[in-house]
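Secondary and tertiary structure notes
In case you want the letters, here they are:
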Amino acid sequence: MDSVRAPSERPHVGVLTVLAALVLIGFVVLIAWLHHAASRVVDVAEPERALGVVVARSLDLDEGIEAAPAWERWLYEALLGGRQEDLAQAIRWYEELATPSLDCPDLRVELTILEGEAERLQRLRAHVGQWKRCGDPSSSVVALVTAAYLDGELEPGTDARAELAAALPPGWFRDRLALRVATRVGDAELAEGARAGLAARGRTLRARLRVFAVVDALVLVAGLAALVALGAGSGKPDRGVGGPSLARVGSAPLPPSWSGRAGAVVLIRGGALGAVLMTAVYLVPVDGPGREVLRVVVATAGNLAFVPVILMARRRLLKPAGLGVRVGFGLVPSRRGVGPLLTVLLVLLTLGQAGEWALGLVGRALDLSSHWTEWFEPGLAWGSPAVVAITVLD
């Protein structure tokens, strides 16, 4: 009987851990529901203005790309898409902003210009018909759009430049409409001014894009070289330390001295506390004039959700093992670990960039794209210096 091994007891899961897991699951479900059920533009301040900035800059870049050499134009269109794709995408986004109404939707001048530039003349005629039927006060805009894209006639004595300035702010939309109107009425000076504006903004954005492209190419080449070095060094001994020569960077003990169950408990409980903290932070009212800085500060404070996990790991995992935060997490590379750290960093950057390109190609093939609200930052677009600084820090 003494040789019979006694059955080991299954470790019990604490009530607190179960409650924390339920809180964490509920938080994830809530975030997923809000993301899919709510309108994507509901949380964007001044969505019409924001979308105008996004679309105008994208199409200004297209103007610059069209003036580039053929090989460069082919490369950008292969990686980023072309003008027709950007126009179709912008039309979908503007239609999303239109106020739902059976008879008189809230149509915008920008949408009609996009329809005209994309040569969707049947849809454009329908929009103009709705404008006229609903008695839209912007009758001069209707006349300009009709003259630009539908072979309409302007009233005698119409000051096209004043009408354009009153209807649209400076930028891609005004210049494209001005160019069409100028061609229609034979105003060479107006046409030349519109072309100059489009060309100047296009050149500036194309120059910036070239800088980004060169940096990406250099990172790609360096990353491929690092990947080759990583593969070549993986089979060499680490001069007495043991393990692959490029495997160790910091001093974190691997495997750790605590169990996987203990680590999971810390993640669950700390994650639940972080979810509660994040919810509390985002319940702070940030609406109203003059609250731009507070809005960005609150968004930045969402990063505090990671603090409970770190503090709990320090108290329950690292401290019992006699480790500090820097050593336990391997935050300080060893003297010989700086080179491997940079090597792996370059490899990760290269793989990440290649993955983004691949996703972009697949997305365009399937007619899928990310929504503009997922990457637009109002604070960077028109925020004060304080807002821009806080946003960049975040």
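In every chain, residue numbers begin from 1 and rise along the written sequence. The predicted nature of this model means local features are confined to residues of pLDDT at least 70 and side-chain atom pairs, given and counted, to a pLDDT of 80 or more, with totals for whole chains, interfaces and linings taken over all residues. Working from all heavy atoms in the structure, the side-chain values ignore hydrogens and water.

We count a stretch as a helix when DSSP gives it H or I for four or more residues in a row; a strand needs E for two or more, and each element gets its number in order from the N terminus. Assigned secondary structure in the chain consists of 17 helices and zero strands. Across the 394 residues of the chain, 32% fall into the buried class. Residues are treated as being in contact if the distance between any of their heavy atoms lies within 4.5 Å. Looking at the chain alone, contacts between residues at least 24 apart form 70% of all its contacts between residues at least 6 apart. The accessible surface values rely on the Shrake-Rupley method and a 1.4 Å probe; as for residues, cover is taken only from the protein chains in view. If you sum the accessible surface of the chain, you get close to 24300 Å²; carbon and sulfur atoms cover 63% of it. The buried label applies to any residue whose accessible area, calculated with a 1.4 Å probe on protein chains only, is under 20% of its type's maximum; exposed applies above 50%, and partly exposed to all values in between.

With that out of the way, let us pick up the environment of Tyr 94. One can find Tyr 94 in helix α4 (residues 83-97). Taking the relative accessible area as the measure of exposure, Tyr 94 reaches 2% and is therefore buried. Between the C-alpha atoms of Tyr 94 and Thr 112, which are 18 residues apart in sequence, the distance is 9.7 Å. Residues in contact with Tyr 94, not counting those within four places in the same chain, are Leu 51, Gly 52, Val 55, Arg 108, Glu 110, Leu 111, Leu 114 and Phe 173.

Counting residues in each nonpolar core, the largest one holds 47 residues, and the members touching the most others are Val 55, Leu 114, Trp 172, Phe 173, Leu 177 and Trp 372. Mapped by element, the contributors of at least two residues to this core are α2 (47-66), α4, α5 (109-117), α6 (121-134), α7 (139-149), α8 (160-167), α9 (172-185) and α10 (188-233). For Trp 172, the contacting residues outside a window of four places in its chain are Ala 56, Leu 59, Asp 60, Glu 63, Arg 83, Leu 87, Ile 113, Leu 114, Glu 117, Leu 198 and Arg 201. Take the buried residues of types Ala, Val, Leu, Ile, Met, Phe, Trp, Tyr and Cys, join any two whose side-chain atoms come within 4.5 Å, and each joined set is a nonpolar core.

Although it is not a glycine, Glu 119 sits at a positive phi angle of roughly 60°. Take Glu 119: it is sitting in the loop between α5 and α6. Overall, the relative accessible area of 63% leaves Glu 119 in the exposed class.

Take the confidence of the model for the chain next. Mean pLDDT over the chain works out to 81, with 84% of the residues at or above the 70 mark. Across residues 239-245, confidence stays below pLDDT 50; counting only partners more than four residues off in sequence or on other chains, it has 13 contacts. As a per-residue measure, pLDDT tells how confident the predictor is, with possible values from 0 to 100.

The subject of this paragraph is the side chain of Glu 117. Looking at the secondary structure, you find Glu 117 in helix α5. If sequence neighbours within four positions are ignored, Glu 117 has contacts with Arg 83, Leu 87, Tyr 149, Trp 172, Arg 176 and Arg 180.

Each reported salt bridge corresponds to a side-chain nitrogen of Lys or Arg within 4 Å of a carboxyl oxygen of Asp or Glu. Inspection of the entire model under this criterion finds 13 salt bridges. Arg 176 is paired through a salt bridge with Glu 117; the nearest N and O atoms lie 3.1 Å apart. With Arg 176 in helix α9 and Glu 117 in helix α5, the pair connects residues that are 59 residues apart, well separated along the chain. Taking the relative accessible area as the measure of exposure, Glu 117 reaches 3% and is therefore buried. Among the charged side chains, a network of salt bridges with common partners joins Glu 63, Glu 66, Arg 83, Glu 117, Arg 176 and Arg 180.

Once that is clear, we can look at the packing of helix α3 (residues 70-80) against helix α15 (residues 338-365). Angles shown run from 0 to 180 degrees and are taken between the N-to-C directions of axes, each axis being a line fitted to C-alpha atoms and, for helices, limited to the stretch in contact. Between α3 and α15, whose axes approach to 8 Å, the crossing angle comes to 80°. On the basis of their axis angle, the class for α3 and α15 is roughly perpendicular. Contacts from Ala 78, Leu 79 and Leu 80 in α3 reach Trp 357, Leu 361 and Arg 364 in α15. In this classification, Asp, Glu, Lys and Arg are treated as charged, Ala, Val, Leu, Ile, Met, Phe, Trp, Tyr, Cys and Pro as nonpolar, and every other residue, Gly included, as polar. For the contact of α3 with α15, the residue count by class is five nonpolar, no polar and one charged. Here the word oblique covers every angle except those under 35 degrees (roughly parallel), over 145 (roughly antiparallel) and from 65 to 115 (roughly perpendicular).

As a further point, take a nonpolar patch on the surface. In this scheme, patches are assembled from residues that exceed 30% relative accessible area and form no salt bridge. Like charges are connected within 9 Å, while nonpolar side chains (Val, Leu, Ile, Met, Phe, Trp, Tyr) are connected within 5 Å. Taken together, the side chains of Trp 71, Trp 74, Leu 75, Leu 79 and Leu 80 make up a nonpolar region of the molecular surface, amounting to roughly 570 Å² of accessible area. Mapped onto the elements of the fold, Leu 79 is located in helix α3.

Put simply, two rings from Phe, Tyr or Trp (the six-membered ring, in Trp's case) pair if the centres are within 6.5 Å, and we call them stacked under 30 degrees between planes, edge-to-face over 60, tilted for the rest. Inspection of every chain in the model, using the stated rule, returns three aromatic pairs. For the ring pair Trp 172 and Phe 173, a centre distance of 5.2 Å and an interplane angle of 85° mean the geometry is edge-to-face. For Trp 172, a relative accessible area of 0% corresponds to the buried category. Measuring from ring centre to ring centre gives 5.9 Å for Trp 372 and Phe 376, while their planes differ by 65°; the resulting arrangement is edge-to-face. On the basis of relative accessibility, which here comes to 0%, the residue Trp 372 falls in the buried class. Put simply, the rings of Tyr 94, Trp 172 and Phe 173 pair up and form one aromatic cluster.

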